[in-house]
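Summary of structural features
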Amino acid sequence: MTRQLETHRDYYHKGFASKLLNKVLYELKRDKIDTIYSIVRNHNYKSLNFHYKNGFSVENKDDVDTKFVLNVKDQIRKELFDNWANNYNKSVIKSEQEETYPFAGYSNIKYQIIDIVTKRSFAHILDMGVGTGEITCPLYNLGYRVTGVDLSEKMIDIAKKKLPNAIFICDTFQNSLTKLNAQYDFIIFNYSIHHLDYQSQIDLLLKINENLSSQGRIIIGDVSTINREDMKKLQEKYNSIWDDEEYYPILDIYQKSELRNYYKISYDKINEVAGLFELLKI
Ligand SMILES: C[S@@+](CC[C@H](N)C(=O)[O-])C[C@H]1O[C@@H](n2cnc3c(N)ncnc32)[C@H](O)[C@@H]1O
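Residues numbered from 1 in each chain as written. Predicted model: local features only at pLDDT ≥ 70, side-chain atom pairs only at ≥ 80, totals over all residues.

Some remarks on the overall build of the protein chain
Along its length, the protein chain carries 10 helices and 10 strands. Principal-axis analysis of the C-alpha atoms gives the protein chain an extent of 60 × 40 × 35 Å. With 282 residues in all, the protein chain has 32% of them scored as buried. When contacts within the protein chain are restricted to residue pairs at least 6 apart in sequence, those whose partners lie at least 24 apart make up 62%. (Helix = DSSP H or I, 4+ residues; strand = E, 2+ residues; numbered from the N terminus. Buried ≥ 20, exposed ≤ 12 C-beta atoms within 10 Å, placed from the backbone. Contact = placed C-beta atoms within 7 Å.)

Here's the deal with the packing of helix H3 (residues 72–97) against helix H6 (residues 153–162)
Running from amino to carboxyl end, H3 crosses H6 at an angle of 35°, the nearest separation of the two axes being 7 Å. Residue-level contacts link Phe81, Asp82 and Ala85 of H3 to Glu153, Lys154, Met155 and Ile158 of H6. Looking at the contact of H3 with H6, its residues break down into four nonpolar, no polar and three charged. (Axes fitted to C-alpha atoms, helices over the stretch in contact; angles between N-to-C directions. Nonpolar A, V, L, I, M, F, W, Y, C, P; charged D, E, K, R; others polar.)

Side note on the domain arrangement of the protein chain
The domain architecture assigned to the protein chain consists of domain 1 (9–75) and domain 2 (99–281). Taking only C-alpha atoms, the centre of domain 1 and the centre of domain 2 are 30 Å apart. (Domains from an automatic or database assignment.)

A short note on the packing of helix H1 (residues 16–30) against H3
One way to put it is that H1 packs onto H3 with a least axis distance of 10 Å and a crossing angle of 130°. It follows from the interaxial angle that H1 and H3 lie oblique. H3 is crossed by H1, and the crossing has left-handed handedness. From H1, Asn22, Leu25, Tyr26, Leu28 and Lys29 reach across to H3, where they touch Val72, Lys73, Gln75, Ile76 and Glu79. When grouped by side-chain class, the residues that make up the contact of H1 with H3 number five nonpolar, two polar and three charged. (Parallel < 35°, antiparallel > 145°, perpendicular 65-115°, else oblique. Left-handed = near helix turned anticlockwise from the far one by under 90°.)

Here you go:
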């Protein structure tokens, strides 16, 4: 399907094109269209800049044209997290204090992660979905090396203030894999892997095995359950505020997947909502 999107010249430089793109993204998502491609003449700097600024990445380029690609869901998610960044920590505290879905147990998970990591005196940590840096900040302050990945630049802006010398990659989990150039002792997904469907979680956890040092561990803190039935019960309990677009980790799904050939999987249930997975590289 080909569509031309153009802003009238009277409306240039007023931000209308970005707003229009945003509206189009929601319509595409509703129509279950995942990807947009866009071809721009190489001399059209204005349009090229627009694409770079609005989350498109270059798929290929020849002497005449640049072909861009944009993942609809990722771009919508980026917008949501950019808009949430300033209030994110407050939302976590509120949900945690009310001991309710989704963040009940967040601090408990944080302290458990700190306990696990600090058993080693030196480690390089990869925080996937680093957000505002809340989880890895105490470890950074203790001298651990941290690399943070997040698709939201506003989240990363906040994290950078707390972890000024950490390395940050502003991209999706998938795209970040080609940019990782180290072996990590710990890879943390705290309340972040649920943005991928179950098969994509498994594929990512398998791929990222290459980036784990020997004896390295993946730590996943999240809303989670032992099996699908428990997840269904949790969903029923919190039906009015449940986020249907998220896929919370389920021990059973991980244990029955190919992951068991690459990791020793353990799970610690923290409360009715949350739990902590450890995937030890074997
Ligand atoms: C709920 S927040 C959790 C942040 C942090 N880990 C914490 O525990 O406070 C989820 C984070 O994952 C990021 N995120 C979501 N989907 C992502 C993806 N596909 N690739 C990279 N980051 C993603 C969001 O931008 C957001 O900062």
